[in-house]
There are 2 protein chains.
Amino acid sequence: MQYLKIMEAINEQIDAGLLIAGNKLPAERKLAESFNTTRVTLRESLALLEAEGKLYREDRRGWFVSPEPLKYDPTYTTNFPAMAREQGRVARSQLLSAKRVPASRRAASLLQLPPLTEVYRIDRLRFLDERPVVVVTNFILPQHFPDLLDHDVTNSLTTTYREQYGVIYSKTRYRVSTTSLLGETAQALRATSGSPAMFVERLNYDQHNNLIDCDLEYWRHDAICIESLATLT
Amino acid sequence: MQYLKIMEAINEQIDAGLLIAGNKLPAERKLAESFNTTRVTLRESLALLEAEGKLYREDRRGWFVSPEPLKYDPTYTTNFPAMAREQGRVARSQLLSAKRVPASRRAASLLQLPPLTEVYRIDRLRFLDERPVVVVTNFILPQHFPDLLDHDVTNSLTTTYREQYGVIYSKTRYRVSTTSLLGETAQALRATSGSPAMFVERLNYDQHNNLIDCDLEYWRHDAICIESLATLT
DNA sequence: CAGTGGTCTAGACCACAGC
DNA sequence: CTGTGGTCTAGACCACTGA
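In this convention, every chain numbers its residues from 1, walking through the sequence in written order. Just so you know, chain letters begin at A and ligand numbers begin at 1, following the order they were written in. Since the coordinates come from a predicted model, pLDDT governs what is reported: local features require at least 70, and pairs of side-chain atoms require 80 or more to be given and counted, while whole-chain, interface and lining totals use all residues. The side-chain figures draw on all heavy atoms in the structure; neither hydrogens nor water molecules are used.

*Asks:* What am I meant to see in the packing of aromatic side chains here?
*Replies:* Each aromatic ring pair is specified by the distance between its two centres and by the angle formed by the two planes. Classification of ring pairs uses Phe, Tyr and Trp, with its six-membered ring standing for Trp, and accepts pairs whose centres are within 6.5 Å; under 30 degrees between planes counts as stacked, over 60 as edge-to-face, and the remaining range as tilted. By the definition in use, this model includes 14 aromatic pairs over all chains. Ring geometry for A:Tyr72 and A:Trp219: centres 5.3 Å apart, planes at 65°, overall edge-to-face. Placement of A:Tyr72 in strand 3 (residues 70–72) and of A:Trp219 in strand 9 (residues 211–220) is noted, with a sequence separation of 147 residues between them. A relative accessible area of 2% means that A:Trp219 is categorised as buried. Ring geometry for A:Tyr161 versus A:Tyr169: centroids 5.8 Å apart, planes at 85°, classification edge-to-face. By the burial criterion, A:Tyr161 is buried, and A:Tyr169 matches it. Ring-pair connections join several aromatic residues into one group, and the members of that group are A:Phe145, A:Tyr161, A:Tyr165 and A:Tyr169. Residue placement shows B:Arg131 over the ring face of B:Tyr56; its charged tip is 3.6 Å from the ring centre. By definition, any uninterrupted DSSP run of H or I lasting at least four residues is a helix, any uninterrupted run of E lasting at least two residues is a strand, and each is numbered from the N terminus. Throughout this description, buried means an accessible area under 20% of the type-specific maximum (1.4 Å probe, protein chains only), exposed means over 50%, and partly exposed covers the range between. Each ring is checked for a lysine NZ or an arginine CZ that lies within 6 Å of its centre and within 35 degrees of its normal; such an atom marks a charge sitting over the ring.

Written out as structure tokens, the structure is:
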């Protein structure tokens, strides 16, 4: 079990501070040579470290040491930039697309709509310290937000909801599971197809208990740590 | 990108019901031959499906189709057997060890104890429909539970707390992240070293807001889906 | 354009599972 | 004991990144 030894060796170098968060590792061929093994075996070790969240990969660019994960509290209404700022991180959002579309099957089922009902769909890519960490898709019920797309939808939707429409999130139903990144989502995150990911799904309700929108979030799994405090029922 | 095509092909067979939850896939060499490729490439596809939670692996036993994940609500006090029963599943627990030990560094830090303070440590393996799905380690503050180990600690700790000591969970602080299974934990779950996993950490408080114990849970990641409803603050 | 990572081949040996 | 999965080797080609 050579690949476990290699994994431990790299792990130690990270813990010892020889490999610094955000830095790129040497080329695979060089690492393989220095551990006296082949690329296949070395890549097995690297994949393991990726699964543990110690390393991440940028497609065709190489392997990097993971920074601290962002602590993400799904019961907290503050938006992504605020959450990042509170933890001393720099956030940035990029709008991928914003349009009215017939609800996809998944969206219709989540929002309890008849198939093909029109909804807003907003796709955004979010960066943490200039690293792309999550692709967020929002499906929004248009009846609560006439002309939503005339406002800023790149940054905090919660702010636009509140300031333009007087709508305040009050309740959320969330679901967290693991999956892997594929296709456009992987590309947007500069990830290789098949990279491990954390999938967060949210249904959000306003102050009158109306279902308002849903979020589908694909996170680079090393970039996030779900954390919350709950009163038990 | 052959491995993506193979992945999709197997995926379709699962969705079409040709491969049934819990069933074993054909041998890797046979699959590789039938997809006209080598084992290495085939295993790449299988690993991807494992990352997505569609398949799981039992060490040296082969690849199996994943059953529906258990919905796990960290804000719900019902114990594991009850949670499983409510979802029509059969739960079983196996005690791996129960003893008084000096707190590990991690445990001491979580429970805010000076290093090496004595605590109870209980390790359990839990099965869902006879499949081992999670290894749970509890570190318990002994001052609240004199002679705890004389009682049943294999099944529901919450029940023992309540019935023997009048202690009721009232608040929990939880954290969810992804990692990979290694060493004894992997073995107990019949998993290969490096299998992807969901890691849940909980700090539990009683009705007087005293910190009572903490949980460290390593889940086979395809066996669980975190799900909760939260009032926003 | 050089070097790198992504992908793939065609083998091999071993230890273990399960008969 | 047989077959299987776990691990590893020693290459190869291509498309892309980044200088």
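*Asks:* What should I look at first to understand the sheet that holds strand 5 (residues 118–128) of chain A in this one?
*Replies:* Strand pairing in a sheet relies on backbone hydrogen bonds. The paired strands run either parallel or antiparallel. In this analysis, strands are considered paired if DSSP registers two or more bridges between them. Taken together, eight strands build an open sheet; the order of strands is 4(A)-5(A)-6(A)-9(A)-8(A)-7(A)-10(B)-3(B) and the sheet is mixed. Strands with a single pairing partner mark the edges of an open sheet, and in this sheet they are strand 4 (91–102) of chain A together with strand 3 (70–72) of chain B. Across this sheet, the average inter-strand angle for adjacent strands is 20°, counted without regard to direction. In what follows, residue pairs with any heavy atoms lying within 4.5 Å of each other are defined as contacts. A fitted line through C-alpha atoms represents every axis, and for helices the fit uses only the stretch in contact; the resulting angles, taken between N-to-C directions, go from 0 to 180 degrees. Packed onto the sheet, helix 6 (residues 157–165) of chain A meets strand 5, strand 6 (131–140), strand 7 (169–180) and strand 9 of chain A and runs at close to 40° relative to strand 6 of chain A.

*Asks:* It is not clear to me how the interface of chain B and chain A should be interpreted in this structure. Could you clarify?
*Replies:* When the parts of a complex come together, some accessible area is lost, and that lost area is often taken as the interface size. Opposite the 36 residues of chain B that make contact, chain A presents 36 residues. We define buried area as the total accessible area lost by two parts upon association, computed with a 1.4 Å probe and summed across both. Taken together, both faces of the contact between chain B and chain A bury some 3400 Å²; the carbon and sulfur share is 59%. When residues of chain B are sorted by the area they lose upon contact with chain A, B:Tyr174, B:Thr178 and B:Leu232 head the list and together hold 19% of the total. In what follows, salt bridge is the name for a side-chain nitrogen of Lys or Arg lying within 4 Å of a carboxyl oxygen of Asp or Glu. Joining chain B to chain A, the criterion identifies two salt bridges.

*Asks:* In this structure, what is going on with the relation of the copies chain B and chain A? I would like to understand it.
*Replies:* Relating the two copies of this chain is a rotation about some axis coupled with a shift parallel to it. C-alpha atoms of residues with pLDDT of at least 70 in both copies form the basis for the least-squares superposition of the copies. With an RMSD of 0.0 Å, the operation that places chain B on chain A is a rotation of 180° combined with a shift of 0.0 Å along the axis. Such a combination of rotation and displacement between the chain copies is what one expects of a two-fold axis.

*Asks:* Which parts of the structure should I look at to understand the pattern of salt bridges?
*Replies:* Opposite charge on two side chains permits them to pair, given that their charged atoms come into close proximity. Applying the stated rule across the entire model yields 30 salt bridges over all chains. The shortest N-O distance in the salt bridge between B:Arg175 and A:Glu227 comes to 3.3 Å. Of this pair, B:Arg175 sits in strand 7 (residues 169–180) while A:Glu227 is found in strand 10 (residues 224–231), placing the two residues in two different chains. Accessibility expressed as a relative area gives 29% for B:Arg175, which makes it partly exposed. With a relative accessible area of 18%, A:Glu227 lands in the buried category. One connected set of salt bridges, linked through shared partners, spans A:Arg106, A:Arg175, A:Glu201 and B:Glu227.

*Asks:* I tried to follow the side chain of B:Arg131 on my own but got confused; where do I start?
*Replies:* Residue and element names in this part refer to chain B. Topologically, Arg-131 is positioned in strand 6 (residues 131–140). A distance of 2.9 Å separates a polar atom in the side chain of Arg-131 from a polar atom in the side chain of Asp-222. Among residues more than four places away in sequence, those in contact with Arg-131 are Tyr-56, Pro-67, Arg-126, Arg-220, Asp-222 and Ala-223. Residues adjacent in sequence count toward polar contacts only when both atoms are side-chain atoms; beyond that, a polar contact is any pair of N or O atoms within 3.5 Å, and within protein one must be able to donate a hydrogen and the other to accept it.

*Asks:* For this particular structure, what's the right way to read the environment of A:Phe80?
*Replies:* All names here are of chain A. Considering the arrangement of structural elements, one finds Phe-80 in helix 4 (residues 80–86). As a C-alpha pair, Phe-80 and Asn-155 span 75 residues in sequence and 8.3 Å in three-dimensional space. Beyond its immediate chain neighbours, meaning those up to four positions away, Phe-80 contacts Leu-70, Ala-91, Arg-92, Ser-93, Arg-126, Phe-127, Leu-128, Val-133 and Trp-219.

*Asks:* So what exactly am I meant to see when it comes to the layout of surface pockets here?
*Replies:* Gaps left between atoms are located by rolling a probe of water-molecule size over the structure's atoms. By volume, the second largest pocket amounts to about 1300 Å³. A:Lys54, B:Ser177, B:Thr179, B:Phe199 and B:Tyr218 are the residues nearest the centre of the second largest pocket, which is lined by 40 residues in total. Looking at the lining of the second largest pocket residue by residue, the class counts come to 16 nonpolar, eleven polar and 13 charged. A pocket here means an open set of points on a 1 Å grid, computed over the protein atoms alone, that has protein on both sides within 12 Å along at least five of seven lines. A cavity is instead a set of points where a 1.4 Å probe fits but cannot get out; residues with an atom within 4 Å of a point line either one. Grid points are joined across faces, edges and corners, and a volume is the space filled by probe spheres set on the points. The nonpolar class holds Ala, Val, Leu, Ile, Met, Phe, Trp, Tyr, Cys and Pro. Asp, Glu, Lys and Arg form the charged class, and all remaining residues, Gly among them, are polar.

*Asks:* Mind showing me how you'd approach the protein's contact with DNA strand C here?
*Replies:* The cutoff for a nearby residue is simple: one of its non-hydrogen atoms must lie within 4 Å of the molecule or strand. Residues in contact with DNA strand C amount to 23 residues; listed here are only the nearest, A:Glu28, A:Arg29, A:Arg43, B:Gln2 and B:Thr37. Across the atoms of DNA strand C situated within 4 Å of the protein, the share located in sugar and phosphate is 66%. At a separation of 2.7 Å, a base nitrogen of DNA strand C approaches a polar side-chain atom of A:Arg29. Contacts to DNA strand C include B:Thr41, whose side-chain N or O atom sits 3.1 Å from a phosphate oxygen. Of all the elements in the fold, those that place two or more residues in the surface near DNA strand C are helix 2 (28–34) and helix 3 (39–52) of chain A together with helix 1 (2–15) and helix 3 (39–52) of chain B.

*Asks:* So what exactly am I meant to see when it comes to the packing of helix 1 of chain B against helix 3 of chain B here?
*Replies:* Angle between the axes and distance between the axes are the two parameters that describe a pair of packed helices. Residues and elements named next belong to chain B. Packing of helix 1 against helix 3 leaves a shortest axis separation of 8 Å and a crossing angle of 55°. As judged from the angle between their axes, helix 1 and helix 3 are oblique. Where helix 1 crosses over helix 3, the handedness of that crossing is right-handed. Judged by residue contacts, Gln-2, Tyr-3, Leu-4, Ile-6, Met-7, Ile-10 and Asn-11 of helix 1 engage Thr-41, Leu-42, Glu-44, Ser-45, Leu-46, Leu-48, Leu-49 and Glu-52 from helix 3. The residue makeup of the contact of helix 1 with helix 3, split by class, is nine nonpolar, four polar and two charged. The scheme is simple: roughly parallel for angles under 35 degrees, roughly antiparallel for over 145, roughly perpendicular for 65 to 115, oblique for anything else. By definition, any crossing whose near helix is turned counterclockwise from its far helix by less than a right angle is left-handed, and any crossing with a clockwise turn is right-handed.

*Asks:* Mind showing me how you'd approach the UniProt feature "domain: HTH gntR-type" (unreviewed entry) in chain A here?
*Replies:* UniProt positions are given in the numbering used here, feature names are shortened, and annotations may be inferred rather than shown by experiment. Using the residue numbers shown here, the UniProt feature "domain: HTH gntR-type" (unreviewed entry) corresponds to residues 1–68 of chain A. Secondary structure over residues 1–68 of chain A splits into 51% helix and 12% strand, and the C-alpha atoms at its two ends are 29 Å apart.

*Asks:* How should the side chain of B:Thr137 be read in this particular structure?
*Replies:* Here B:Thr137 is to be found in strand 6. Reaching out from B:Thr137, the side chain makes a polar contact with the side chain of B:Asp123 at a distance of 2.7 Å.

*Asks:* Can you walk me through the protein's contact with DNA strand D in this structure?
*Replies:* Close to DNA strand D lie 23 residues, the nearest being A:Gln2, A:Thr37, A:Arg61, B:Glu28 and B:Arg29. What you see for DNA strand D is that sugar and phosphate hold 67% of its atoms within 4 Å of the protein. Between DNA strand D and B:Arg57 there is a distance of 3.4 Å, counted from a phosphate oxygen to a side-chain nitrogen or oxygen. Within the side chain of B:Thr192, an N or O atom sits 3.1 Å from a phosphate oxygen of DNA strand D.

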